[in-house]
Amino acid sequence: THAQIGVTGLAVMGRNLARNFARNGYTVAVHNRTASKTRELVEEFGGEGEFVPAETAKEFVEALERPRRLVIMVKAGEPTDAVIEEFAPLLEPGDMIIDGGNAHFADTRRRERELREQGIHFVGTGISGGEEGALHGPSIMPGGSVESYDSLGPMLEKISAKADDGAPCVTHVGPDGAGHFVKMVHNGIEYADMQLIGEAYQLLRDVAGYSPAEIADIFRTWNRGRLDSYLIEITAEVLSHVDAETGEPFVDVVVDQAEQKGTGRWTVQIALDLGVPVSAIAEAVFARSVSGHAGLREASRHLAGPSPRTLGKEEAAAFADKVEQALYASKIVSYTQGFHQIAAGSEEYDWDIDLGKVASIWRGGCIIRAAFLDRITQAYEAQPDLPSLLADQGFADEIAAAQDDWRSVIATAVTQGVPTPAFAATLAYYDSLRAPRLPAALTQGQRDYFGAHTYHRTDRDGTFHTLWGGDRTETSA
Ligand code: NBP
C-alpha cells in the first residue's frame with residue numbers, strides 16, 4: 001500500500017499518463033478492465049519508474065496510500081459510471097477519484113454530488129494535449145473541492161506542461177464540473193481556430209492561387225509573428241506533406257468530410273442554454289456538418305456562383321497579408337466569445353473561475369496553445385472584471401488596425417464565392433456589438449404585433465403593448 005497515485009483505464013491516454021507520473025518519480029498503481037494491457041504496460045515501460053500492477057479492483061485499491069488518489073481514464077459516458085460503481089464501494093471518506101476523461105460537465109456535477117455523500121472527492125479533470133501531451137505534459141483543468149486540489153495539485157503541477165516562463169499549465173479551475181466545462185469550451189475554441197485556419201487556407205488557395213506548399217510557407221511566416229501557435233505550426237506541416245503513393249499534396253488526397261467526437265457540439269448546445277453567442281464555434285461545428293453531407297453537396301454542385309478570378313503575383317502577396325490580419329481579428333473575436341461562455345458558466349454555477357488563469361494554463365500542453373494567450377492573461381490581470389475581451393484597449397486597438405483588411409478579405413470571399421462562415425460570423429458579432437441600434441427593436445415590434453409579447457420604450461420605464469388589431473393605441477402592460 002504505497003502507490004501515491006493509481007490509474008485505471010490503460011488505453012493511449014491512461015497508459016501515457018501513468019508513465020508520466022512514474023517518470024516524475026511517483027509510484028503508480030495501474031489497472032485495466034482487460035488485465036493483459038496492465039501486464040503489457042509494465043513489461044514495456046516498467047523501466048521508466050515504479051509501477052504496481054493490479055489485476056483486480058480490490059488489489060488496485062489496496063495498492064494505494066491513503067487518502068487514495070485514483071485516476072480514471074476510460075471512455076467517457078457509461079464506462080465512467082461503470083468504473084465508479086466498481087470502485088466507490090471499496091473507497092473511504094477522504095479518498096479522491098479523478099476523472100480525466102472527456103466527460104460532459106453535467107455528468108461530472110452529478111457524480112460529484114453522489115460521491116460527496118459518501119465523503120469521496122470527485123475531481124472532474126479536463127486533460128488536453130492528446131497522447132503526446134499525456135506523456136510529456138498536458139494542460140490540466142481539474143475541478144472539485146479545494147481540499148482535493150491541496151492533495152493533488154503538487155502532483156499535477158509536476159506532470160503538467162510548463163509554459164515558456166516555467167509556470168505549470170494546471171490550476172484549480174473551480175468546484176464540481178468547472179474543470180470539464182472549461183475543457184469543453186477549450187475544445188469549442190479549438191474547433192473555431194481550426195475552421196478559421198481552414199478558411200484562410202481556402203482563400204489563399206482559391207483566390208490567391210497558391211499551392212499547398214506555398215501556403216505552408218505562408219503559415220510558417222505567420223507562425224513567427226503574433227499568430228504563433230501549435231495549430232498554425234501543424235497546419236504548415238500538414239500542407240507541406242506530400243502523399244507517398246500519388247505524389248500529390250496530402251491535403252488533396254484526403255476526403256474533405258470532417259468528423260467530430262462531440263465536445264464542439266456540446267459547447268454550442270450549452271451556449272444556447274446559457275444564451276451566449278458563440279457564433280464562431282457554432283459555425284465551425286456547422287461547417288464540419290456541411291462537409292459531411294456528401295449527397296447534398298453532390299446534388300448542389302451545379303448551383304450558380306460568380307466567375308472565379310485569380311490574382312496576379314503581387315496582388316496575391318498583398319492579399320495574403322490581408323488574410324493574416326483577418327485571421328488575427330477573427331481569432332480575437334472567437335476567443336472573446338469562448339471566454340464569455342466560461343464567464344457565463346461560472347456565473348450560472350457559482351464557480352468563481354479566474355479567466356486570466358484559464359488563459360495562462362492553456363499556454364502549454366494543449367491543442368490551442370499559443371503566444372496570444374499571454375495577452376488574454378494580461379488583459380484579465382489588468383482588469384479582472386473585464387466584461388469582454390473586446391473591452392481591453394490592446395485588443396480593441398489591434399482590431400482597429402486590422403479591420404479594413406478584415407472587411408476586405410470577407411468582401412472578396414463573398415464576391416468570389418469562397419465560403420468563410422467563421423470569418424463572417426466573427427465580423428458580424430463585432431459589428432453587432434458596435435452598432436448603436438440593432439434591428440432587435442423591430443423584432444420586438446413584430447413579436448408584440450403577432451403575439452402581444454410587449455416591449456420596453458427607450459424614453460420611459462414600464463412594459464407596453466400596442467393594440468395592433470384595433471386603433472393602435474399604446475397600453476401599459
Ligand atoms: P478510450 O476512450 O478508447 O477508452 C478505452 C479504455 O476504456 C480502455 O482502457 C477500456 O478498457 C476502458 N473501458 C471501456 Br471502453 N469500457 C469500460 C468499462 N465498462 N469498464 C471499464 N473499463 C472500460 O481511451 P483513450 O483514447 O485513452 O481516452 C480515455 C479518455 O480520455 C476518454 O474519456 C477520452 O475522451 C479522453 N481523452 C482522450 C484524448 C485523446 O487524444 N485520445 C485526449 C483528451 C482526453 P479495455 O481495455 O478493457 O477495453
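Residues numbered from 1 in each chain as written. Predicted model: local features only at pLDDT ≥ 70, side-chain atom pairs only at ≥ 80, totals over all residues. Heavy atoms only, no water.

The protein chain has the name 6-phosphogluconate dehydrogenase, decarboxylating in an unreviewed UniProt entry, where Streptomyces seoulensis is given as its organism. Under Sequence similarities (unreviewed entry), UniProt gives the following word-for-word description of the protein chain: "Belongs to the 6-phosphogluconate dehydrogenase family." What UniProt records for the protein chain under Function (unreviewed entry) is the sentence "Catalyzes the oxidative decarboxylation of 6-phosphogluconate to ribulose 5-phosphate and CO(2), with concomitant reduction of NADP to NADPH." (UniProt positions renumbered as here; feature names shortened; annotations may be inferred.)

Details of the overall build of the protein chain
In terms of helices and strands, the protein chain carries 20 helices and nine strands. Principal-axis analysis of the C-alpha atoms places the extent of the protein chain at approximately 80 × 70 × 45 Å. Out of the 477 residues in the protein chain, the part that is buried amounts to 49%. A fraction of 66% describes how many contacts in the protein chain between residues 6 or more apart in sequence connect residues 24 or more apart. Total accessible area on the protein chain is roughly 22,400 Å²; 51% of this is exposed by carbon and sulfur atoms. Taking the average location of the 43 positive side-chain charges in the protein chain and that of its 69 negative ones, the two points are 1 Å from each other. (Helix = DSSP H or I, 4+ residues; strand = E, 2+ residues; numbered from the N terminus. Buried < 20%, exposed > 50% of the residue type's maximum accessible area, 1.4 Å probe, protein only. Contact = heavy atoms within 4.5 Å. Areas by Shrake-Rupley, 256 points an atom, 1.4 Å probe, with all protein chains shown as cover. Lys, Arg positive; Asp, Glu negative; His and termini not counted. Charge placed at Lys NZ, Arg CZ, Asp CG, Glu CD.)

Structural notes on the state of the cysteines
Under the counting rule described, the total for this entry stands at zero disulfides. This cysteine, Cys 169, is not joined by any disulfide, and Cys 366 carries the nearest cysteine sulfur, 7.2 Å off. Using a relative accessible area of 0% as the deciding quantity, one classes Cys 366 as buried. (Disulfide = S-S within 2.5 Å.)

Quick look at the sheet that holds strand E3 (residues 50-53)
The sheet built from seven strands is open, its strands ordered E3-E2-E1-E4-E5-E6-E7 with mixed pairing. Of all strands in the sheet, those bounded by a partner on one side alone are E3 and strand E7 (139-142). The sheet shows a mean angle of 25° between the axes of neighbouring strands, direction not considered. Along the sheet face, helix H8 (residues 178-206) touches strand E5 (96-99), strand E6 (121-128) and E7 and points at about 15° away from the line of E6. (Pairing = 2+ DSSP bridges. Axes fitted to C-alpha atoms, helices over the stretch in contact; angles between N-to-C directions.)

Describing the site of the ligand
What surrounds the ligand is a group of 20 residues, the closest being Met 13, Asn 32, Arg 33, Thr 34 and Lys 37. Between the ligand and Arg 33 there is a distance of 2.9 Å, counted from an oxygen atom to a side-chain nitrogen or oxygen. One of the backbone nitrogen or oxygen atoms of Lys 75 is found 3.3 Å away from an oxygen atom of the ligand. For the ligand, the accessible surface in isolation is 910 Å², of which the surrounding protein chains cover 75%. Sorting the residues of the shell around the ligand by element identifies helix H1 (12-23) and helix H4 (78-87) as the ones contributing at least two each. Counting residues per element, the shell around the ligand draws most heavily on H4, which supplies three residues. Residue composition of the shell around the ligand, by class: 11 nonpolar, six polar and three charged. (Near = heavy atom within 4 Å. Polar contact = N/O pair within 3.5 Å; in protein donor to acceptor, adjacent residues only side chain to side chain. Nonpolar A, V, L, I, M, F, W, Y, C, P; charged D, E, K, R; others polar.)

Some points on the UniProt feature "binding site: substrate" (unreviewed entry) in the protein chain
The feature "binding site: substrate" (unreviewed entry), as annotated in UniProt, sits at Asn 102, Ser 128, Gly 129, Gly 130, His 186, Asn 187, Tyr 191, Lys 261, Arg 288, Arg 447 and His 453 in this numbering. Taken along the chain, the residues just named run across 352 residues; in space they spread out, the farthest C-alpha pair reaching 48.9 Å. Tracing the backbone through its elements, the reader meets Tyr 191 in helix H8. You can call Tyr 191 buried: its relative accessible area is 5%. In contact with Tyr 191, not counting residues within four places along its chain, are Gln 260, Lys 261, Gly 262, Thr 263, Gly 264, Ala 284, Val 285 and Arg 288. As for its placement among the helices and strands, His 453 is situated in the loop between helix H20 (440-451) and strand E8 (464-466). A residue is classified by how much of its surface remains accessible, and His 453, at 40% relative accessible area, is partly exposed.

Details of the packing of H4 against helix H5 (residues 105-116)
Across the interface, H4 lies against H5 with an axial gap of 12 Å and an inter-helix angle of 10°. The angle between the axes of H4 and H5 places the two elements in the roughly parallel class. Residue-level inspection shows Thr 80, Asp 81 and Ile 84 of H4 in contact with H5, the latter providing Arg 110, Arg 111 and Leu 115. For the contact of H4 with H5, the residue count by class is two nonpolar, one polar and three charged. (Parallel < 35°, antiparallel > 145°, perpendicular 65-115°, else oblique.)

Quick word on the packing of aromatic side chains
Within the structure shown, the criterion is met by 16 aromatic pairs. Ring centres of Tyr 449 and Trp 468 lie 5.2 Å apart, and the angle between their planes is 40°; on these two criteria the pair is classed as tilted. Remark: Trp 468 occurs in the loop between E8 and strand E9 (474-476) and Tyr 449 occurs in helix H20; sequence separation between them is 19 residues. For Tyr 449, a relative accessible area of 48% translates into the label partly exposed. Among the aromatic residues, ring-to-ring pairing joins Phe 105, Phe 181, Tyr 349 and Trp 351 into one connected group. (Phe/Tyr/Trp six-rings, centres within 6.5 Å; stacked < 30°, edge-to-face > 60°.)

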